[in-house]
Amino acid sequence: MAQAYKYAYYPGCVAKGACRELHQATTAIAARLGIELVELTSASCCGSGTFKETDEFLEDTVNARNIALAEELNLPLMTQCSTCQGVLGRVNDKLKFADLQRRSQVNQALAATGRQFQGTTEVLHLLWVIIRDYGLENLQKLVVRPLSEFKCGAFYGCYLLRAQTVTRFDDPFHPESMEKIFRVLGAEPIYYAGRIQCCGWPISSYAPTASFKLAGSHIQSAIAAGANCLVTPCPLCHLNLDSRQPEVEQVIKQKLRLPVLHLPQLIGLALGIAPQKLGLDKHIVDTAHLLSGFC
């Protein structure tokens, strides 16, 4: 009997808004891989770390409710956003392992909604699901279009690597999970200085020049190392590196034109899914030169 892969799917706000192609690509590869996603349609925004700045109890309570929705389905919670992973995973770790008093307080607040945080499930990023649950060997069997022309620089995002202190999937300072997937897909991993650093998105609203200089330095570093694209598991990083790349170019006074792909888009290409079905025509930085030979 075939292995069943089923998850409570938490798409996050950005994948349903400014980066809709991320949701599009995630559902496309899930269908191809035989992964069943049960979307948590009544889930709320995780807060992307901003709740914690003024009201940590609010962040804990909102995300305990989100996790409880997955617990009610008896399924692990899966997201494809590294920021959501960091926030939800941090709350799950705290209430499950570290702060039982806070867990009791949160459940008192949740009582009015008829829900309770039980601490019975996991919070897993798509990247982790592919490697730990689905397996790289199984993924490789489904590769029909090896990405030999792709020289991919990973851009992990801060939250995926360092927000959680109890449950960690990869080394926060020397990660290799993205590069493992690149190799399985036939692409060449490119290592460069900025791959595990902040993209600058958190300060873009009040210090845009500093934000864009930071993003620009990462893109320049990747280009200098030989990358012909960046690949990120975080839509907020994608916004600063792709959607705002024209503004970044103005600030650093240099043309960059480096495409930035969402992780499931890269996987989808290797699985033979058409670029349009992965939303690769939705980016600000044109991806066309990467896609010669794809239908």
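Structural notes, computed from the coordinates. (Residues numbered from 1 in each chain as written. Predicted model: local features only at pLDDT ≥ 70, side-chain atom pairs only at ≥ 80, totals over all residues. Heavy atoms only, no water.)

So, on to the side chain of Arg102. Note that Arg102 resides in helix H5 (residues 100–110). Reaching out from Arg102, the side chain makes a polar contact with the side chain of Asp60 at a distance of 2.4 Å. Once residues lying within four places of it in the same chain are set aside, the contact partners of Arg102 are Glu56, Phe57, Asp60, Lys94 and Leu95. (Helix = DSSP H or I, 4+ residues; strand = E, 2+ residues; numbered from the N terminus. Polar contact = N/O pair within 3.5 Å; in protein donor to acceptor, adjacent residues only side chain to side chain. Contact = heavy atoms within 4.5 Å.)

Here we come to the sheet that holds strand S2 (residues 35–39). If you trace the 4 strands from one edge of the open sheet to the other, you get S2-S1-S3-S4, paired in parallel fashion. Edge strands, defined here as strands with exactly one partner in the open sheet, are S2 and strand S4 (123–125). Across the sheet, the mean angle separating the axes of adjacent strands is 40° when strand polarity is ignored. The pairing of strand S1 (residues 5–9) with strand S3 (residues 77–79) spans 2 bridges and is parallel. Paired with Ala8 across the bridge in S3 is Leu77. Along the sheet face, helix H1 (residues 20–33) touches S1, S2 and S3 and points at about 140° away from the line of S2. Running at roughly 95° to S4, helix H6 (residues 126–134) makes contact with S1, S2, S3 and S4 of the sheet. (Pairing = 2+ DSSP bridges. Axes fitted to C-alpha atoms, helices over the stretch in contact; angles between N-to-C directions.)

This part is about unusual backbone geometry. With glycine set apart, most residues show a phi of negative sign, and most peptide bonds adopt trans. Positive phi values are uncommon outside glycine, yet Asn74 reaches one of about 60°. For Asn74, the location among the structural elements is in the loop between helix H3 (56–72) and S3. Under the relative-accessibility criterion, Asn74 is labelled exposed at 70%. Of note, the phi angle at Lys253 is positive, near 60°, even though the residue is not glycine. Turning to its location among the elements, Lys253 is positioned in the loop between helix H12 (245–252) and strand S8 (260–262). (Buried < 20%, exposed > 50% of the residue type's maximum accessible area, 1.4 Å probe, protein only.)

What follows is about the environment of Leu271. If you trace the backbone, Leu271 turns up in the segment after helix H13 (263–270). Between the C-alpha atom of Leu271 and that of Asp60, which follows or precedes it by 211 residues, the distance is 38 Å. When neighbours within four sequence positions are excluded, Leu271 is seen to be in contact with Ile29, Arg32, Leu33, Leu139, Leu142, Val143 and Val144.

With that settled, the discussion passes to the packing of aromatic side chains. Taken as a whole and judged by the stated rule, the model has 2 aromatic pairs. Between Tyr5 and Tyr134, the ring centres sit 5.0 Å apart and the planes meet at 45°, which makes this aromatic pair tilted. One end of the pair, Tyr5, is in strand S1; the other, Tyr134, is in helix H6, with 129 residues separating them in the sequence. When the ring of Trp128 is compared with that of Phe169, the centres are 5.3 Å apart and the planes differ by 15°; the resulting orientation is stacked. Highlighted residues: Trp128 in helix H6 and Phe169 in the loop between helix H8 (158–162) and helix H9 (177–184), separated in sequence by 41 residues. Judged by relative accessible area, Trp128 falls into the buried class, the value being 4%. Owing to a relative accessible area of 28%, Phe169 belongs among the partly exposed residues under this scheme. (Phe/Tyr/Trp six-rings, centres within 6.5 Å; stacked < 30°, edge-to-face > 60°.)

One ladder, built from 5 bridges, connects S1 with S2; its direction is parallel. Following the sheet pairing, Ala8 is matched in S2 by Val38. A crossover connection joins S1 to the parallel S2 through H1; in handedness this β-α-β unit is right-handed. (Right-handed = clockwise from strand over helix to strand, strands pointing away.)

Attention now moves to the sheet that holds strand S6 (residues 188–190). Reading across from one edge, S6-S5-S7-S8 is the order of the 4 strands in this open sheet, with parallel pairing throughout. The outermost strands of the open sheet, each flanked by one partner alone, are S6 and S8. Adjacent strand axes in the sheet meet at a mean angle of 40° when their direction is disregarded. Relative to S6, strand S5 (residues 151–154) runs parallel, the two being bridged by 3 bridges. In the strand pairing of S6, Lys151 is matched with Glu188. Most of the contacts of H9 go to S5, to which it runs at about 165°, and overall it touches S5, S6 and strand S7 (229–232).

The two faces of S7 match: Cys229 and Val231 on one face and Leu230 and Thr232 on the other face are all buried. Pairing of S5 with S7, which is carried by 3 bridges, proceeds in the parallel orientation. For Gly153, the partnering residue across the bridge sits in S7 and is Leu230. Where S7 lies against S8, 3 bridges are found, and the strand directions are parallel. Paired with Thr232 across the two strands is His262, which belongs to S8.

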